[in-house]
Amino acid sequence: MSIFKDCDIRGVYGKELTDGDALRIGRGLAAMLPPGGTMRVGGDVRVSTPALKAQLIRGLVEGGVRVTDLGTIPTPALYYALSNGNVDGGATVTASHNPPEYNGIKFMLGDEPVSRQTIDKLADIVARRDFPRGEGSVVQLDILPAYRASLVKRFGARRPLKVVVDAGNGAMSFVAPDAIRSVGYRVVELFCEPDGTFPNRSPNPAEYDKLTAVSAKVVEEGADFGVAFDGDGDRAVFIDDRGRPVLSEKSLVLFIRHLLKDHPTPVVYDQKASSAVRRATLEMGGAPVPERSGHAFIKRRFLELGAAVAGEVSGHFFFGEIGYDDGLFAALMMADILGNSDRPLSELADEIVCPPITPDLRVACPVAQQQACLDRVEALAKDHPCEVRHLDGVRLEFPDGWLLARKSVTAEQLTFRAEADTPERLDALIDMIASALPAQMGDALREGAKDGGNPA
């Protein structure tokens, strides 16, 4: 599959994404900037990042771009650098939460998140080798002290909470423990040594079953909560005082209640989130706005609407105050919420009722057959009265639940998800979808649902 995805560039290093690709992408990005344009560039801790980043910068410089090299940083530090600098764009070499063998490039041109059209334009320039030539330059800037200081200035400890920080050996290892400690909290560090092979757990914290170490450490230390970051630090998953991972929808509900209590705004969330998010938004006087899954889609809509907060089930949390998503900002916001409450996170999370919902259920399906399968799912509406939506794939909304089928952007798969008022109704919805699919796919879907599916 192409390395040019809907929201960024990503692939297995050395096979799908090479140093030569990074060079050409740098040249392509230079073509999309004004002559003599400026760009700030960083990278995560992955083993392949230094080589890819060097070639990306080389391509930009050969295209006449004035580059500021930010070094090794979490992705939110890039967003901070772009928000606090008069530059034409930014990029960071990262594969976010993907396994160690992957890498990629996230980029921004101007103030807007990338669109599919932007990605396609870049891919076309790279394919045609339609590159400008110029004499750019490179300067170094350590943005981390200013980024850290901005967070410490914004937050202050209400009471001395104890926090277990699981950086997963990723890019937040450089920043999160010190920043949280500097705000006034007691910090217990876990996997806070940068290591691009991610030896201790998956860089995807939404794989809740991989968070056993941080869960145990929270209980062992008697901590108020734990936080697990993804590989590049723009996502966070929380662990309550009883050592249980908190569903990202529940974390988002806590942020909604905190941020909308005095100033209701829209709340943007991905369409596969629990209906608890919609319900909480309405209770706080806000306007619930579902959007298709994907960082760029959520961020664009969040900015357009001036939302106070937005979120994805993957653990991305966007805050209107800063204008982007930041796992560390989310962690300090969660500490702020707990510091203003006399109740533990476990109680606050448990009172949020989420109806029965599946995780993402991924079923292999050749690209050539995917649309036909989605058409089969949509045809269910003929015999089962419901509302049909096409925000991303096909979503059927019933009075007592919903089901979603969509194409995967990273593999030859279809992804399914369903929610219902009762476990029995949820089983019925899964069976309904499975019966509409080719027999082998339907059996795989039923088996996936029985086993608990794949992490979101």
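Here we summarise the structure given alongside this text. (Residues numbered from 1 in each chain as written. Predicted model: local features only at pLDDT ≥ 70, side-chain atom pairs only at ≥ 80, totals over all residues. Heavy atoms only, no water.)

**Details of the overall build of the protein**
Argument step 1. Within the protein, the secondary structure is distributed over 15 helices and 20 strands.
Argument step 2. Against the compact-globule benchmark of 23 Å for 456 residues, the protein has a radius of gyration of 22 Å, which places it among compact chains.
Argument step 3. The principal-axis extents of the C-alpha atoms in the protein amount to approximately 65 × 55 × 40 Å.
Argument step 4. Looking at the protein as a whole, 57% of its 456 residues qualify as buried.
Argument step 5. Restricting to contacts in the protein with at least 6 residues of sequence separation, those with at least 24 account for 70%.
Argument step 6. A total of about 17,700 Å² of accessible surface is found on the protein, and carbon and sulfur atoms cover 49% of it. (Helix = DSSP H or I, 4+ residues; strand = E, 2+ residues; numbered from the N terminus. Rg over C-alpha atoms; globule rule 2.2 N^0.38 Å. Buried < 20%, exposed > 50% of the residue type's maximum accessible area, 1.4 Å probe, protein only. Contact = heavy atoms within 4.5 Å. Areas by Shrake-Rupley, 256 points an atom, 1.4 Å probe, with all protein chains shown as cover.)

**Regarding the side chain of aspartate 232**
Argument step 1. In this structure, aspartate 232 sits in the loop between strand S9 (225-229) and strand S10 (236-239).
Argument step 2. According to the relative accessible area criterion, aspartate 232 is buried, its value standing at 0%.
Argument step 3. Separated by 2.5 Å, the side chains of aspartate 232 and threonine 75 make a polar contact.
Argument step 4. At 2.8 Å, the side chain of aspartate 232 forms a polar contact with the side chain of lysine 106.
Argument step 5. When near neighbours in sequence (up to four residues on either side) are disregarded, aspartate 232 contacts Pro74, Thr75, Pro76, Thr94, Ser96, Lys106 and Ala171. (Polar contact = N/O pair within 3.5 Å; in protein donor to acceptor, adjacent residues only side chain to side chain.)

**Comments concerning the sheet that holds strand S4 (residues 89-93)**
Argument step 1. Taken together, the 6 strands give an open sheet; going across it, the order is S1-S5-S4-S2-S3-S6, and neighbouring strands pair in mixed fashion. At either margin of the open sheet sits one strand with a lone partner, and together these are strand S1 (9-12) and strand S6 (137-140). Sheet twist, expressed as the mean angle between neighbouring strand axes with direction ignored, is 20°.
Argument step 2. Examined bridge by bridge, S1 and strand S5 (residues 102-109) share 4 bridges and lie antiparallel to one another. The residue of S5 that forms the bridge with valine 12 is tyrosine 102.
Argument step 3. Seen against the sheet, helix H2 (residues 49-62) touches strand S2 (38-43), strand S3 (66-72), S4, S5 and S6 and runs at an angle of roughly 170° to S2. (Pairing = 2+ DSSP bridges. Axes fitted to C-alpha atoms, helices over the stretch in contact; angles between N-to-C directions.)

**Description of unusual backbone geometry**
Glycine aside, residues mostly have negative phi, and peptide bonds are mostly found in the trans state.
Argument step 1. Phi is positive for asparagine 169, close to 65°, though the residue is something other than glycine.
Argument step 2. Among the secondary structure elements, asparagine 169 is positioned in the loop between strand S7 (162-166) and helix H6 (176-183).
Argument step 3. Positive phi, close to 45°, is recorded for phenylalanine 198, a residue that is not glycine.
Argument step 4. Structurally, the position occupied by phenylalanine 198 is in the loop between strand S8 (186-190) and helix H7 (212-221).
Argument step 5. Given the relative accessible area of 7%, phenylalanine 198 is considered buried.

**So, the state of the cysteines**
Argument step 1. All told, the structure shown has 0 disulfides when counted by the stated rule.
Argument step 2. Counting only cysteine sulfurs, cysteine 373 is the nearest neighbor of cysteine 365, a cysteine outside any disulfide, at a range of 4.0 Å. (Disulfide = S-S within 2.5 Å.)

**A short note on the environment of arginine 154**
Argument step 1. By secondary structure assignment, the location of arginine 154 is in helix H5 (residues 144-154).
Argument step 2. Here arginine 154 falls in the partly exposed class, since its relative accessible area comes to 31%.
Argument step 3. Sequence separation of arginine 154 and valine 183 is 29 residues, and the distance between their C-alpha atoms is 8.9 Å.
Argument step 4. Setting aside anything within four residues of it in sequence, one finds arginine 154 in contact with Glu321, Phe329, Met333 and Asp336.
Argument step 5. Only 2.4 Å separates the side chain of arginine 154 from the side chain of glutamate 321, close enough to count as a polar contact.

**A word on the pattern of salt bridges**
Argument step 1. A complete count under the given rule lists 44 salt bridges for this structure.
Argument step 2. Glutamate 189 is the partner of arginine 181 in a salt bridge, and the nearest nitrogen-oxygen pair spans 3.2 Å.
Argument step 3. A relative accessible area of 37% places arginine 181 in the partly exposed class.
Argument step 4. Classification of glutamate 189 by relative accessible area gives partly exposed; the value is 40%.
Argument step 5. The shortest N-O distance in the salt bridge between glutamate 447 and lysine 450 comes to 3.3 Å. Placement of the pair is glutamate 447 and lysine 450 together in helix H15 (residues 439-450), with a separation of 3 residues, close to one helical turn.
Argument step 6. Residue class for glutamate 447 comes out partly exposed when judged on its relative accessible area of 37%.
Argument step 7. Three or more residues joined by partner-sharing salt bridges are found here, namely Asp6, Arg116, Asp120, Glu249, Lys272, Arg292, Asp360, Arg362, Asp392, Arg406 and Arg417. (Salt bridge = Lys/Arg side-chain N within 4 Å of Asp/Glu carboxyl O.)

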